[in-house]
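Next come the chains, spelled out residue by residue.
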Amino acid sequence: MLQDIERYLACPHCAQQLALDGRTLHCPAGHTFDQAKQGYVSLLAGDAHTGTGDTSAMVAARSEFLAAGHYRPIAEALAAAAGRTDGLVADLGAGTGYYLAHVLEQAGGVGAALDISKYALRRAAKAHARIGAVVCDAWRPLPLQSDSADLVLNVFAPRNGPEIRRVLRPGGRLLLVSPTSRHLRELVAALGLLSVDEEKERRIDEKLSPWLTRTDRVEVEFRLSLSRADAAAVVAMGPNAWHTAPGVLAAALAELPEPVEVTGSVQVATYR
C-alpha cells in the first residue's frame, strides 16, 4: 500500500518528500502523481518512458513460472539473508513482487517495488499487503529519500550503484542475486539462449566497488524439472524474449525431453 511507504518517497522533479492525499501523491512544490486503479503510481520524470520495460506477455510468463515455485530456493535464500527489519525494503527491478513479498513475510518491514514496467507493477501492487508499487527508471535518480532503506533487493535486474548507495541508510545492505555460468545451462545449450559470462561476479563487484563493499556471498544451486511449457516460459519471461526467433524456438522446444532436468544456479551477494 502506498500509505506504508509514502514517507520514504521523493518527487522525481524536485526530490522533495511526497505526501499522500486520497489517491494522489503531492510535494510542497505542487507536483502531483495519481495512483492508477491497478494500485501502482508512476514517478517517472516527464521525459522518461516505459518502452524498455517488460511487456504484458513477458510479465504473464514470469508470473506463471514463479507461481509454480520453480525459483522458490532463490526467494528463500533472499529471505534468510535479509534477517529482520521494521524499516523500508526497496526492490530495484521488482517485477511482479514475488521476491519482495517473500522477504517481507520473513523480515517484516514495508516494501517499495520499483520497476519501469507498469504491467509488472500491476501484479506487484497485489503481491503483499505491505508493498507499494512505483514506476521509475533504475538508471535515473530513484524516487526515494536519501538514507531511507534498510535493505535494497536486486534480483536479475539493473544495478545503479550510486543511487543504491544514496538510498541506503548508514549500515544498510544490498542483497543482489545474479546467475552463475551454470544457470539454466541445459536450456542454453538446447535452445540457443544467451549465456552468462563467467566473469560476471567480478564485473559486478568492480562496478559497485566505488559505492558498496561485498561482505558475503552464498551460492544457491538447485534442480528444476520443467515441462516444455515451463521451458518456453523461461525464455518468454526474460532477455531471451528479445533475442529468440519464435519459429526456431518452437522447433527446439519440440526436441526437448519432457520433463527436462535443468540446473538453477545463482549467487546471493550482500553489500554494505
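Computed from a predicted model, the values in this text were never measured in an experiment.

Q: I would appreciate a short explanation of the packing of aromatic side chains in the present structure.
A: Two aromatic rings are characterised by how far apart their centres lie and by the angle between their planes. If you walk through the whole model with that rule in mind, you get 4 aromatic pairs. A ring pair is formed by Phe65 and Tyr71, whose centres lie 5.1 Å apart and whose planes are at 80 degrees; its orientation type is edge-to-face. The exposure class of Phe65 is buried, given its relative accessible area of 1%. With centroids separated by 5.1 Å and ring planes inclined at 80 degrees, the aromatic side chains of Tyr98 and Tyr99 adopt a geometry described as edge-to-face. Residue class for Tyr98 comes out buried when judged on its relative accessible area of 14%. An aromatic cluster of three or more residues is present, and its members are Phe65, Tyr71, Phe156 and Phe222.

Q: Got a minute to help me understand the nonpolar core in this structure?
A: Generally speaking, a soluble globular protein has its nonpolar side chains buried in company with each other. If you look at the biggest cluster of nonpolar residues, it comprises 56 residues, and the most contacted ones within it are Tyr71, Leu78, Tyr99, Leu187, Leu191 and Leu226. Per element, the largest residue contribution to this core is 7 residues, and it comes from helix H4 (residues 98–107). Setting aside residues up to four positions removed in sequence, Tyr99 forms contacts with Leu66, Tyr71, Ile74, Ala75, Leu78, Leu153, Val155 and Phe156. Membership of the second largest hydrophobic core comes to 35 residues, among which are Leu43, Val167, Leu212 and Ala269.

Q: Honestly, the side chain of Gln267 in this entry has me stumped. Any pointers?
A: The residue Gln267 is located in strand E11 (residues 260–271) in this model. Setting aside residues up to four positions removed in sequence, Gln267 forms contacts with Leu176, Val177, Ser178, Thr180, Glu201, Arg217, Val218 and Glu219.

Q: Explain empty space enclosed by the protein to me, please; I cannot follow it from the model alone.
A: Going through the model one piece at a time under the given rule, you end up with 1 cavity of 30 Å³ or more. If you go around the largest cavity, the residues you meet are Leu176, Ser178, Glu201, Ile204, Asp205, Arg214, Arg217, Gln267, Ala269 and Tyr271. Elements with a contribution of two residues or more to the lining of the largest cavity: strand E9 (168–179), helix H8 (200–208), strand E10 (214–226) and E11. Broken down by class, the residue content of the lining of the largest cavity amounts to 4 nonpolar, 2 polar and 4 charged.

Q: Explain the sheet that holds strand E1 (residues 19–21) to me, please; I cannot follow it from the model alone.
A: What links the strands of a sheet is backbone hydrogen bonding, and the strands pair in either a parallel or an antiparallel sense. One open sheet accounts for 3 strands, arranged E1-E2-E3; its pairing is antiparallel. Strands at the two margins of the open sheet, each flanked by one partner only, are E1 and strand E3 (32–34). Each adjacent strand pair in this sheet contributes to an overall mean axis angle of 30 degrees, direction not counted. The pairing of E1 with strand E2 (residues 24–26) spans 3 bridges and is antiparallel. Residue pairing in the sheet places Asp21 in a bridge with Thr24 of E2.

Q: How should I be thinking about helix H3 (residues 72–82) in this particular structure?
A: The periodicity of an α-helix, 3.6 residues per turn, causes residues three or four positions apart to be oriented the same way. All of the buried residues along H3 are Ile74, Ala75, Ala77, Leu78, Ala79 and Ala82. Buried residues along H3 sit in contact with H4, strand E8 (149–155), E9, E10 and E11. Directly beyond the C-terminal end of H3, a positive phi value near 70 degrees is found at Gly83.

Q: Would you mind going over unusual backbone geometry with me for this structure?
A: Glycine aside, residues mostly have negative phi angles, and peptide bonds mostly take the trans form. Cis peptide bonds are those with omega within 30 degrees of zero, and the linkage from Glu258 to Pro259 qualifies with 0 degrees. Relative to the helices and strands, Pro259 resides in the loop between helix H10 (246–254) and E11. The phi dihedral of Ala15 falls on the positive side, at around 70 degrees, and the residue is not glycine. With respect to the helices and strands, the residue Ala15 is situated in the loop between helix H1 (2–5) and E1. Assessed through its relative accessible area of 52%, Ala15 is described here as exposed. Phi is positive for Phe156, which is not a glycine, with a value near 50 degrees. Within the element layout of this structure, Phe156 appears in the loop between E8 and helix H6 (161–167).

Q: Would you take a moment to explain the sheet that holds strand E5 (residues 88–92) for this structure?
A: The 8 strands are arranged E4-E7-E6-E5-E8-E9-E11-E10 in an open sheet whose pairing can be described as mixed. Of all strands in the sheet, those bounded by a partner on one side alone are strand E4 (41–42) and E10. Sheet topology places E5 next to E8; 4 bridges connect them, and they run parallel. Note on E8: the bridge partner recorded for Asp91 is Leu153. The sheet contacts of H3 involve E8, E9, E10 and E11, and relative to E9 the element is tilted by about 160 degrees.

Calculation notes
Residues numbered from 1 in each chain as written. Predicted model: local features only at pLDDT ≥ 70, side-chain atom pairs only at ≥ 80, totals over all residues. Heavy atoms only, no water. Phe/Tyr/Trp six-rings, centres within 6.5 Å; stacked < 30°, edge-to-face > 60°. Buried < 20%, exposed > 50% of the residue type's maximum accessible area, 1.4 Å probe, protein only. Core = buried A, V, L, I, M, F, W, Y, C linked by side-chain atoms within 4.5 Å. Helix = DSSP H or I, 4+ residues; strand = E, 2+ residues; numbered from the N terminus. Contact = heavy atoms within 4.5 Å. 1 Å grid on protein atoms, 1.4 Å probe; cavity = no way out; pocket = protein on both sides within 12 Å on 5 of 7 lines; lining within 4 Å. Points joined across faces, edges and corners; volume = space filled by probe spheres on them. Nonpolar A, V, L, I, M, F, W, Y, C, P; charged D, E, K, R; others polar. Pairing = 2+ DSSP bridges. Axes fitted to C-alpha atoms, helices over the stretch in contact; angles between N-to-C directions.

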